[in-house]
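Here is how the chains run, residue by residue.
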Amino acid sequence: MPKTTWAAGMLVAALLLGFLSFRAVTPPRSLPSPSHRPIVIQVEGQVAHPDLYMLPGPIATWGDALRAAGGIVDHGAGAPDEELTMPAVSGTIVRAERDGSRGVQIAVEPMPASMRLLLGMQLDLNKASEDELLCIPRMKPETAQAIVARRKEQPWRSLEELTELPGVGSRTVDRWRSSVSVE
């Protein structure tokens, strides 16, 4: 083997070894930490573009949601400032409606349970209705009914208490962890 070929091979090997050594001792760069989760709100009513909007969290307000939807249509008296500065909450519907001479009224209500679950939000065992609980995969009607009946006697304090219900074991509770919570 000629000396130049051997020298070139050694040079490539040395560079490769140096690169691998550098990678071994240098910690990998971490990705920048994600900012706050966006706030997902549905805007309806007297706005230019009713739709589902993602607002930057955690400081978005109802006014930000209305501006994202193109603002209130049919200019006149607007919504009261105290309503517009209220903090926006993910999983809600904000509705702007004309209220005669008083201007615009803002109504806020939770999105349907199926939509909240689709967005990765959890349903609270102490607040969800039977119909909402039935949106949870593998939830039986009798279990949903038992959850609501049990909380009338005493509120749920932890998800593990679900195992007190007939037919609900720890594996079932583990499957439901991403869908339900106790607040």
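That block above? That's the structure.
Note that this is a predicted model, so its numbers are computed, not measured. (Residues numbered from 1 in each chain as written. Predicted model: local features only at pLDDT ≥ 70, side-chain atom pairs only at ≥ 80, totals over all residues. Heavy atoms only, no water.)

Trainee: What exactly am I supposed to notice about the overall build of the protein here?
Mentor: A count of helical and extended segments in the protein gives seven helices and six strands. For the protein, the N- to C-terminal ordering of α and β elements is α-β-β-α-α-β-β-α-β-α-α-α-β. The contacts in the protein between residues at least 6 apart in sequence include a share of 46% that link residues at least 24 apart. As presented, the protein carries roughly 12100 Å² of accessible surface, and 59% of it is formed by carbon and sulfur atoms. (Helix = DSSP H or I, 4+ residues; strand = E, 2+ residues; numbered from the N terminus. Contact = heavy atoms within 4.5 Å. Areas by Shrake-Rupley, 256 points an atom, 1.4 Å probe, with all protein chains shown as cover.)

Trainee: How do you make sense of the pairing of strand β3 (residues 92–98) when you look at a structure like this?
Mentor: Within a regular strand, side chains alternate between the sheet's two faces. Alignment of strand β1 (residues 39–45) against β3, held across five bridges, turns out to be parallel. Residue Val 43 lies in a different strand from β3, and its bridge partner there is Val 94. Where β3 and strand β4 (residues 104–110) come together, seven bridges link them in antiparallel fashion. Opposite Ile 93, over in β4, you have Glu 109 as the bridge partner. (Pairing = 2+ DSSP bridges.)

Trainee: Before we go on, may I ask you to explain the environment of Gly 91 in this structure?
Mentor: Among the structural elements, Gly 91 can be located in the loop between α3 (81–84) and β3. Assessed through its relative accessible area of 2%, Gly 91 is described here as buried. As a C-alpha pair, Gly 91 and Pro 110 span 19 residues in sequence and 6.1 Å in three-dimensional space. Discounting residues that sit within four places of it in the chain, Gly 91 has contacts with Val 40, Pro 110, Met 111, Arg 116 and Met 121. (Buried < 20%, exposed > 50% of the residue type's maximum accessible area, 1.4 Å probe, protein only.)

Trainee: Which parts of the structure should I look at to understand the pattern of salt bridges?
Mentor: As a working rule, side chains carrying opposite charge can pair if their charged atoms are close by. Summed over the entire model, instances satisfying the criterion amount to nine salt bridges. Of the charged contacts, one joins Arg 157 and Glu 161 as a salt bridge, the two residues approaching to 3.0 Å between their closest N and O atoms. Sharing partners across several salt bridges, the network here consists of Arg 150, Arg 157, Glu 161 and Glu 164. (Salt bridge = Lys/Arg side-chain N within 4 Å of Asp/Glu carboxyl O.)

Trainee: Explain the side chain of Thr 92 here, please?
Mentor: Considering the arrangement of structural elements, one finds Thr 92 in strand β3. The class of Thr 92 is buried, set by a relative accessible area of 10%. For Thr 92, the side chain forms a polar contact with the main-chain oxygen of Val 89, separated by 2.6 Å. Each residue touching Thr 92, except ones within four places of it in the same chain, is listed here: Val 40, Ile 41, Gln 42, Trp 62, Val 108, Glu 109, Pro 110 and Met 111. (Polar contact = N/O pair within 3.5 Å; in protein donor to acceptor, adjacent residues only side chain to side chain.)

Trainee: When you look at the environment of Arg 95 in this model, what are you seeing that I'm missing?
Mentor: With respect to the element layout, Arg 95 can be found in strand β3. Leave out the neighbours within four places in its chain, and Arg 95 touches Glu 44, Gly 45, Gln 105, Ile 106, Ala 107 and Glu 109. Of note is the side chain of Arg 95, whose polar atom sits 2.5 Å from the side chain of Glu 44.

Trainee: Looking at this structure, how should I read helix α6 (residues 141–153)?
Mentor: What sets the pattern is the α-helix's 3.6 residues per turn: residues three or four places apart point alike. A rise of 1.5 Å per residue sets the reference length of α6, with its 13 residues, at 18 Å; its end C-alpha atoms lie 19 Å apart and thus fit the reference within 8%. Every buried residue of α6 is listed here: Thr 143, Ala 144, Ile 147, Val 148, Arg 150 and Arg 151. Seen along its axis, α6 keeps its buried residues to an arc of 160°; they face one direction. Across from the buried face of α6, at angles greater than 90 degrees, the exposed residues are Lys 152 and Glu 153. The secondary structure elements touched by the buried residues of α6 are α5 (130–133) and α7 (170–176). (Expected span 1.5 Å × (residues − 1). Arc of directions from axis to C-beta.)

Trainee: Is there a simple way to explain the environment of Arg 157 in this structure?
Mentor: For Arg 157, the position within the fold is in the loop between α6 and α7. Looking at Arg 157, the relative accessible area reads 62%, which means it is exposed. A C-alpha to C-alpha distance of 8.0 Å links Arg 157 and Glu 183, two positions 26 residues apart in sequence.

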